[in-house]
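Observations on chain architecture
This is what each chain is made of:
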Amino acid sequence: MLTITYRDGQNRIGTEELNDYLQEHKTVLDQVKNDRRAYRDALGWMDPEEWASEQQLACLEEKAEEVRKNADAFVLIGVGGSNNAARAVIKGLNGKGPRVYYAGNTISPYQVNELLKELEGKSVYINIIAKNFETLEPGIGFRVLRKWLAGNYGAEAAKRMIATGTPGSHLEKISRENGYTFLTFPETIGGRYSAICDVGLFPMAVAGADIRKVVQGVKDMRKMLYETEGAKNPAYYYAAIRNLLNQKGMMAEMLSFFEPRYRYFAKWWIQLFAESEGKDGKGIYPISAQCSEDLHSVGQFVQDGTPMIFETFLDIKKQDASYILEKDLTDDRFDYLNGMDLWEINKKAFEATYKAHTQSLPCFRIQVEELDEYSFGELFYFFEFACYISGMLLGINPFDQPGVEAYKRYMFEALGK
Ligand code: PA5
């Protein structure tokens, strides 16, 4: 089970202060767990049984198996919440399945042409994911790839298209008219909270991830968070400290990891917190660092620059890869590493960074047993739950995103929509 610890060598938050805050706001945790009135249209993700039931998982696995048998390329069209969770797991696990390509997340003609070149000669299946089906990028991607599919497969093309949208939407209408497979984007789940429903689970299954393990991680985390009260509740503890730090001038949170397989998970995390909390002139700016590489750039600022950042480290307990550095005949002055495993060296770099950073900034350490489907499930639910609590403590609505409408208004006007 995931664990969280907090350390700050400068003790910015005193024990009494933290206890008082946790006591004062404990109704927020109760409200998040039990009160569905305030955001009932956005809380579908809280109950995995509803959108990831045994029956639904079996349906998704069956369809995914068909795609896996016939495809050597699978294109995931979607942007933001419509592809971030699936991409985090797919890139994180590198499962056995068709190669996955991403579209509908760029308007760059160069990228689109490169993708079409890549797909030449391959057996291609496509999954378009769009909740409101007005977003520009997936709309363009869908049009381009529909044409490509029809040009390459003629009447067979429809069998290769899977659309994930809200029931009653225009995307559903198009799917029914064209004979595409239609999956559900639940009305009550927003994009960035959509990992555990058809949106996230189907592409994960196509790419070879064991979606039952993901869902088990979610369920176990949910049970633990629902059964644990007050300061012992890790999501409440994390959310409370984040908000206290924010009140003390900490404006940014950096998610740091020493395993590059978390790169796209970090993108998911950034989207979750940026779109959920950054509103009404408030919020903590989420950034990420891929270590040890980024220690040679932002590491300087973090250790020594403007004190406005706190850090959340992702740590993995179980070793799952190994490379032993052998003795080398050349005297390169790295002999002190002879016989050491890169896993161990990476861990030591992690511990050293944690030690140095906790001396000057507040740091959380979130540790999972293993980098696998189960812990991705735990992490998704943990952060979504914590984000909801954190948004409530901050006094904003964590489920809307009014800010992204501003640029869209100008863009659609300029495009003559
Ligand atoms: O979290 C969100 O709601 C957004 O990031 C959406 O997921 C993103 O804008 C894509 O939306 P749609 O699937 O409606 O095109």
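Starting from 1, residues in each chain are numbered consecutively following that chain's sequence as written. Where local features are concerned, this predicted model is filtered to residues with pLDDT of at least 70; where side-chain atom pairs are given and counted, the filter is 80 or more; whole-chain, interface and lining totals use all residues. Each side-chain value is worked out from all heavy atoms of the structure, with water and hydrogens disregarded.

On to the packing of aromatic side chains, then. Each Phe, Tyr or Trp ring (for Trp, its six-membered ring) is paired with any other whose centre lies within 6.5 Å, and the angle between the two planes then decides the class: stacked below 30 degrees, edge-to-face above 60, tilted in between. One pass over the structure, following the stated rule, counts 37 aromatic pairs. On the basis of an interplanar angle of 50° and a centroid distance of 4.9 Å, the ring pair of Y193 and F399 is categorised as tilted. Within this pair, whereas Y193 is found in the loop between β6 (181–184) and α9 (198–206), its partner F399 is found in the loop between α15 (373–394) and α16 (404–414), the two being separated by 206 residues in sequence. Across this residue pair, the class does not change: Y193 and F399 are buried. Ring geometry for F265 versus F376: centroids 6.0 Å apart, planes at 50°, classification tilted. Pair noted here: F265 is in helix α12 (residues 263–277) and F376 is in helix α15, with a separation of 111 residues, a long-range link. Note that R87 overlies the ring of Y102, its terminal NZ or CZ placed 5.6 Å from the centroid. The numbering of helices and of strands both runs from the N terminus, where a helix is a DSSP run of H or I of at least 4 residues and a strand a run of E of at least 2. Only protein chains enter the area calculation, which uses a 1.4 Å probe; residues under 20% of their type maximum are buried, those over 50% are exposed, and those in between are partly exposed. Cation placement over rings: the criterion is NZ of Lys or CZ of Arg within 6 Å of the ring centroid and within 35° of the ring normal.

Here we come to the pairing of strand β3 (residues 99–103). With four of its five residues buried, β3 lies for the most part within the structure. Here, a strand pair is defined by DSSP locating no fewer than two bridges between the strands. Where strand β2 (residues 73–77) and β3 come together, five bridges link them in parallel fashion. Within the sheet, the bridge partner assigned to A73 lies in β3 and is R99. A clockwise path from the first strand over the helix to the second, with the strands pointing away from the viewer, defines a right-handed crossover. Of the crossover connections in this fold, the one passing from β2 over helix α5 (residues 84–93) to the parallel β3 is right-handed.

On the surface, a cluster of negative charge is contributed by D328, D331, D332 and D335. Mapped onto the elements of the fold, D328 is located in the loop between β9 (309–316) and α14 (342–360). Each patch is assembled from residues with relative accessible area greater than 30% and no salt bridge, linking like charges that lie within 9 Å and nonpolar side chains (Val, Leu, Ile, Met, Phe, Trp, Tyr) that lie within 5 Å. Exposure was quantified through the Shrake-Rupley algorithm and a 1.4 Å probe, taking into account, for residues, occlusion by the shown protein chains and nothing else. Between Lys or Arg on one side and Asp or Glu on the other, a salt bridge is scored when a side-chain nitrogen of the former is within 4 Å of a carboxyl oxygen of the latter. By the counting scheme adopted, Arg and Lys are positive, Glu and Asp are negative, and His together with the chain ends is not counted. In plain terms, the charge of a residue is placed at NZ if it is Lys, CZ if Arg, CG if Asp and CD if Glu.

It helps to recall that an α-helix has 3.6 residues per turn; residues three or four apart then point in one direction. Taking 1.5 Å as the rise per residue, α14 with 19 residues should run 27 Å; its terminal C-alpha atoms sit 27 Å apart, in good agreement. Those residues of α14 that fall on the buried side of the exposure criterion are W343, F350, T353, Y354, H357, T358 and S360. Each buried residue of α14 lies within a common arc of 145° when the element is viewed along its axis, so the set occupies one face. Exposed and oriented more than 90 degrees from the buried face of α14 are K355 and Q359. Side-chain atoms alone can form a polar contact between residues adjacent in sequence; in general such a contact is a pair of N or O atoms within 3.5 Å, and within protein one must be able to donate a hydrogen while the other accepts it. The residue sitting at the N-terminus of α14 and contributing the capping side-chain oxygen is D341; that oxygen lies 3.0 Å from the backbone nitrogen of W343. Expected helix span is taken as 1.5 Å per residue step, with the number of steps being one fewer than the number of residues. Taken from the helix axis, the directions to the C-beta atoms give the arc we talk about.

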